Every structure is written in C-alpha cells, then in structure tokens.
Amino acid sequence: MADNGGIDRTHSSSRPQKVVFWGLHFVIVLLCTWLVLGGGLQSMASWLGQAADWADPVRARILLFCSIIYFIRHGITLFYLLARRIEWGEVFGLALFFALFEIGLLFVGGGVFRDSPIALSWLDIFALILYLSGSLLNYVSEIQRKLWKEDPSNKGHCYTGGLFRYSMHINYFGDVVLFTGWSLITATFWALGLPILMLLMFMFLHIPPLDEYLAGRYGDEFKAYRSKTKRLIPFVW
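Residues numbered from 1 in each chain as written. Predicted model: local features only at pLDDT ≥ 70, side-chain atom pairs only at ≥ 80, totals over all residues. Heavy atoms only, no water.

1. Considerations on the confidence of the model for the chain
Chain-level pLDDT for the chain is 92 on average; 93% of the residues reach the 70-or-more range. When mean pLDDT is compared element by element in the chain, helix α6 (residues 170–184) scores highest at 98, while strand β1 (residues 3–4) scores lowest at 50. (pLDDT = per-residue confidence, 0-100. Helix = DSSP H or I, 4+ residues; strand = E, 2+ residues; numbered from the N terminus.)

As structure tokens, then:
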C-alpha cells in the first residue's frame, strides 16, 4: 500500500534527498538569475560566436520572479509540509523537469526566439493573478492540512476541512492554476500545453492511485468524503 502511482507514500524525513533536491533547484534559479540579470545570455551567445539579447527583458524579469517564488515555496514544501519518503529517482527526475520548464518558459517569454517585445496587457495582469492565486490555493490548503494533522486527536482521520471542502485535491488544482498563469506570462499560447499536460496527468495518473491509497487508509470515512466532494476542480469534477 506504501507505493502508489510510482510514489512511495511511506512517512520518512528523507533529509539527504530533500537537501539535494532543493540544492539542484537553487542551481536552476541561480542560472535563471544569471541569464536575466547577470548577462548570462550574452555570455552564452558569445561563446557560440553569436550576438544575442533578451528581446523582452521585462517579461523575462517577471518570469524570473515566478521562478524565485516557486523556489521559496518548494523549500517550505520539502522541509515542513512533506511527510512522505522521497526516492532519489524522484529527486533527479523532478529536478530535470524543473530545469526544462523554468528555463524553457524563461527563454520563450523573454523573447529569445523572437525579435521584438510583446507589450504587457490586461492578459498579463490576469496571468499574474492566476499564478499568485494558484500558489495560494496550493500553499494555504497544505498548511491547513498540516496544522490539522499536528493535533494528536486527529490521528488516523481523513482531513476534509479548509479548502479541501471544495475539492479532494485542491492542492493539485492550485498547481494547475499557477502553471496556467505562468505559461500565459510567456505570451506564447502553445506554452499552455504544460498546464494541460499537468491537468491530464493529475486526472489519469496521480489521482486514481492516490484515491485508492486513501480509501485503503481511511476506509468509510474517505468514501463518504469522496461521495460528496469534487475530485479536482471545485464545482466541476
């Protein structure tokens, strides 16, 4: 029962894995900072014998801000919120994924592949609202559950309060919302493939085995919760 959907749900501190994971993420954010603020893009281009600069430096800075906020939240998740064991394969696999999407979105939104900036508009304000709202949905829901579980009288019970009243996996929904906003900031609509892929993975790969695990752990208590609560998207599914 501990291993579900490729994830080991055994409770463990996994401190070495967490330190390495956060360290690798720090390197990714440091690289993004160097590229945007330290002349890294120009240095890389000169090594290749080419000239390059950010076509959209303002948008690049906004995307760097998103990476920094995500890095801070990642640390809180790893060292305070996350109780389950982390395997080394998960550390390196997710670190690679972080590098691909954080650097990739930065390059796309910063204008490496275009010649001129795209003026900021109401859509970018909406995108930032989505990013911050999604971050809060994920963070606040996890904090609410963590504080509830720290009460010894709640041991062995399924948490159904707070934001989890509106969705069984409101934390996952928060991730979809924040990545939708993050992708929209690039002003490149095909970047929305990232949150769409994330949504599909939650729906068909992560949530089914997790629900099976929770049903086995909490029994009728979880089944009653599932019968009256949407699985991922509040009021929809």
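2. A few points about the nonpolar core
Core analysis: the biggest nonpolar cluster contains 55 residues, and W54, Y70, F101, L106, F179, W182 and F222 have the highest contact counts within it. Residue assignment for this core shows that the elements contributing at least two residues are α1 (15–37), α3 (57–81), α4 (88–110), α5 (122–149), α6, α7 (193–218) and α8 (220–228). With 10 residues, α7 is the largest single contributor of residues to this core. Beyond its immediate sequence surroundings of up to four residues, Y70 is in contact with H25, F98, F101, E102, Y131, L178, F179 and W182. (Core = buried A, V, L, I, M, F, W, Y, C linked by side-chain atoms within 4.5 Å. Buried < 20%, exposed > 50% of the residue type's maximum accessible area, 1.4 Å probe, protein only. Contact = heavy atoms within 4.5 Å.)

3. Focus on the packing of aromatic side chains
The tally for this structure, following the rule as stated, stands at 22 aromatic pairs. For the ring pair W22 and F79, a centre distance of 5.6 Å and an interplane angle of 75° mean the geometry is edge-to-face. Here F79 lies in helix α3 and W22 lies in helix α1, a separation of 57 residues in the sequence. W22 sits in the partly exposed class, given a relative accessible area of 29%. (Phe/Tyr/Trp six-rings, centres within 6.5 Å; stacked < 30°, edge-to-face > 60°.)

4. What to know about the pattern of salt bridges
Scanning all chains against the criterion turns up seven salt bridges. A salt bridge links D56 to R114; the shortest N-O distance between them is 2.9 Å. A residue pair is termed long-range when its members are at least 10 positions apart, and D56 in the loop between α2 (40–47) and α3 and R114 in the loop between α4 and α5 qualify at 58 residues. The same class applies to D56 as to R114, namely buried. Between E87 and R85 there is a salt bridge, with the nearest N and O atoms lying 3.0 Å from each other. What emerges from the salt-bridge pattern is a single network uniting D56, R59, R114 and D124. (Salt bridge = Lys/Arg side-chain N within 4 Å of Asp/Glu carboxyl O.)

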